[in-house]
There are 2 protein chains.
Amino acid sequence: MSIQSFHPPVRTLMGPGPSDVNPRILEAMSRPTVGHLDPVFVALMDEMKDLLRYAFRTKNDLTMPVSAPGSAGMEMCFVNLVEPGDKVIVCQNGVFGGRMKENVERCGGTAVMVEDDWGRAVDAEKVEAALKANPDAKILAFVHAETSTGAISDAKTLAELARANDCLVIADTVTSLAGSPLLVDEWQLDAVYSGTQKCLSCVPGLSPVTFSQKAVDTVTSRKTRVQSWFLDLNLVLGYWGGGGKRTYHHTAPVNTLYGLHEALVILQEEGIENSWARHQKNHEALRAGFEAMGLEFVVPEGERLPQLNAVSIPDGVDEAAVRSALLSSYNLEIGAGLGAMAGKIWRVGLMGFASNETNVLFCLGALDAVLSGMRAPINSGVAVDAARAVYR
Amino acid sequence: MSIQSFHPPVRTLMGPGPSDVNPRILEAMSRPTVGHLDPVFVALMDEMKDLLRYAFRTKNDLTMPVSAPGSAGMEMCFVNLVEPGDKVIVCQNGVFGGRMKENVERCGGTAVMVEDDWGRAVDAEKVEAALKANPDAKILAFVHAETSTGAISDAKTLAELARANDCLVIADTVTSLAGSPLLVDEWQLDAVYSGTQKCLSCVPGLSPVTFSQKAVDTVTSRKTRVQSWFLDLNLVLGYWGGGGKRTYHHTAPVNTLYGLHEALVILQEEGIENSWARHQKNHEALRAGFEAMGLEFVVPEGERLPQLNAVSIPDGVDEAAVRSALLSSYNLEIGAGLGAMAGKIWRVGLMGFASNETNVLFCLGALDAVLSGMRAPINSGVAVDAARAVYR
């Protein structure tokens, strides 16, 4: 066996994530490793919490990155808040609501499902009915931005309904954080998790989370032990908690945290409202281009995520061959459909650093070229102009 | 709020890990991110599994890195193998055996503890007695290399005892992998987890694991569902499993995996036996220096880990002040005691890239200077010469 060093091609990442990573972040990750209890690292952790509070628009004390991907952030929310026998209302309008159900059940809870069509926002009326029908429910869980379909739901309204029925709110914001307005305190979301590889444009591997005081009180007054040692907030807090001495829990992923710190510094420099506006603008340009080509959005206007554009595959087009040609000829990655949407849609991400005019025009041009070459039934040659008109 | 980019000092890391990261690894991590389902990344994953099999000395199909730190690797072993009601014999001779007990109990299992003094190897006779007294035990779990004390246990003998009593073996090799002989197949260890930030000299954040066919069969024939979604091997296998199509499970930490791949390429270049020998040689030199100064090892000879040297604090020395002075004057990190050893010992790591003659002499010189400056009762000025003699 003689395996050589790995040198990846330079891709443009316009799938559902990871998105293109800002080179400043890659460089930050390559800085010298320090110990995870080093005073300079502890200072970095404090800054990180402040930066995450800025990104989440919250003052929550308990705001930190989990040392594992978004799926672990999801699991941290559920294993800490759900005890055996608890009832959780779970909204499903795509893949990730189904994963929430799995989490509830593995914690010994009961999931009451509120189902919506994939590609639509969560229907607040159905949620209200479910809450009324289940007055003993403890938690309402929903996905703010469904990465599998590109739909955004009205987190503010859903949280209000939950509160009126005395339920805690768990919200998946993996794809919304920094890309779409997300106001954790104003909307009173109790347990919120996200990812680093979407609109923060950092590498994958960490999951920022934030917990309201009500959520923390629920965790600290549990009757049963949290089933996960690694994700038990009572223990993690000893390391990430404010003030005083840091207690060793696990070895933090030091260099990846350098990367997240840099990603959040970049967000702070741009200003989060500007980041939201930039994602919206580039979405509008991409949409103009897609529509000019004749591609149809999966999600109705008004429920679309600007950072994740799901479009139906035109009739007669081999969707996998198109993605493969984009990758091999243009080093461009766009996403396939997931779960029930597999084979039916493409998902084109405009996330974080990748949400820019250059990428919009490049993607439209490349897609147009590939589809034309396959004699696909599209309006060729008009997409880039339509998108450029949005920027003028 | 205006937080700036983080620029860490350049430390020499000679604590219990993270250890100094080879600059080749830092550079590899800063290469352009590709998608986690990109064909080039899938090829990297296959190479990674081969490289890990080399490091673990195994042919196990199921050999891969968990996308989270060693604590999550530990949890993956326990949540997949332990079902409610299962009895697990857990050896404790330091902090990490206690963590295993926590894991067993959180899975609904019963932990039968075999206790040894901290700083000693696990006593095979006690284990044999425990196995005899508990014929219904399903698993024997032990720590091969106790990072909290610097003791190594006889994994081969312990595994033989387990096998004779029809028990599976879970072994913590976080600190032994690549630093001390570890022969997973020859010793027939069933579920083995490690870390990246010790003798592989990679950044922290991943946990290499390997499972025997017997362990896999146990997982796939469980009566109950694995309580963790993130760590459920039945699901993770769809992504990391051999051959065929990769199913999305979670977004892999792409750039950190670049780093681990490079760390394993470096190990393959050196040859694992050479790596073991290098760790041994540098330990002998450090030991000569420590003994010349009058510092006493916590662990008796024959049970010492070469890569983690635990020594008692000399009378009248403020141990925290010494570590603080080493850090501020020399940018040198050594480790404090953990758990019951807090305040009583220092832990000096010679792990991976950090296990070299320069570091040995530098550490002895710096420690000598700091202790002499504090008028500590040590033999000053002789340590470096004693260590150098080992290299001549």
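Residues numbered from 1 in each chain as written. Chains lettered and ligands numbered in written order. Predicted model: local features only at pLDDT ≥ 70, side-chain atom pairs only at ≥ 80, totals over all residues.

Trainee: For this particular structure, what's the right way to read the overall build of chain A?
Mentor: What chain A contains, in helices and strands, is 14 helices and 13 strands. What you see for chain A is a C-alpha radius of gyration of 21 Å, in line with the 21 Å of a compact globule of 392 residues. Along the first, second and third principal axes, the C-alpha atoms of chain A reach 65 × 55 × 50 Å. For chain A, the proportion of its 392 residues judged to be buried stands at 58%. Nonlocal contacts in chain A, meaning residues at least 24 apart in sequence, comprise 73% of its contacts between residues at least 6 apart. (Helix = DSSP H or I, 4+ residues; strand = E, 2+ residues; numbered from the N terminus. Rg over C-alpha atoms; globule rule 2.2 N^0.38 Å. Buried ≥ 20, exposed ≤ 12 C-beta atoms within 10 Å, placed from the backbone. Contact = placed C-beta atoms within 7 Å.)

Trainee: Could you clarify how one ought to interpret the environment of Ile-345 of chain A in this entry?
Mentor: Residues and elements named next belong to chain A. Structurally, Ile-345 can be placed in strand β13 (residues 345–349). On a C-alpha basis, the gap between Ile-345 and Leu-161 in space is 32 Å, while along the polypeptide they are 184 residues apart. Aside from chain neighbours lying at most four places away, what touches Ile-345 is Val-298, Ala-310, Val-311, Ser-312, Ile-313 and Gly-337.

Trainee: Sorry if this is basic, but what is going on with the nonpolar core here?
Mentor: The nonpolar side chains of a soluble globular protein tend to be buried with one another. Core analysis: the biggest nonpolar cluster contains 265 residues, and Ile-139 and Leu-140 of chain A together with Ile-139 and Leu-140 of chain B have the highest contact counts within it. Residues contacting Leu-140 of chain B, with those up to four places away along its chain left out, are Ile-89, Val-127, Leu-131, Leu-158, Ala-162, Cys-167 and Val-169 of chain B. (Core = buried A, V, L, I, M, F, W, Y, C linked by C-beta atoms within 7 Å.)

Trainee: Could you clarify how one ought to interpret the pairing of strand β8 (residues 168–172) of chain A in this entry?
Mentor: Along a regular strand, successive side chains alternate from one face of the sheet to the other. Residue and element names in this part refer to chain A. Across the 5 residues that make up β8, a large majority, 5, are buried. In β8, alternate side chains face the same way, and those of Leu-168, Ile-170 and Asp-172 on one face and Val-169 and Ala-171 on the other are all buried. The sheet contact formed by β8 and strand β9 (residues 191–193) spans 3 bridges and is parallel. The residue of β9 that forms the bridge with Asp-172 is Tyr-193. (Pairing = 2+ DSSP bridges.)

Trainee: I tried to follow helix α10 (residues 254–270) of chain A on my own but got confused; where do I start?
Mentor: Spacing of three or four residues puts side chains on the same side of an α-helix, whose turn is 3.6 residues. Residue and element names in this part refer to chain A. For α10, spanning 17 residues, the distance from its first C-alpha to its last is 25 Å, which sits close to the expected 24 Å at 1.5 Å a residue. Most of α10 sits out of view: 14 of its 17 residues are buried. Following α10 by one or two positions, Gly-271 adopts a phi angle in the positive range, close to 90 degrees. (Expected span 1.5 Å × (residues − 1).)

Trainee: Even after reading the chapter, I still don't get the interface of chain A and chain B, so can you show me in this structure?
Mentor: You'll often see interface size given as the accessible area lost when the parts meet. Facing the 69 residues of chain A at the interface are 69 residues of chain B. Sorting the residues of the side of chain A that touches chain B by element identifies α1 (23–29), α2 (39–56), α3 (70–81), α4 (95–106) and α10 of chain A as the ones contributing at least two each. Of the residues forming the side of chain A that touches chain B, the biggest block, 8 residues, is contributed by α10 of chain A. Considering only residue class, the side of chain A that touches chain B consists of 32 nonpolar, 24 polar and 13 charged. (Nonpolar A, V, L, I, M, F, W, Y, C, P; charged D, E, K, R; others polar.)

These results come straight from atomic positions and should not be treated as a statement about function.
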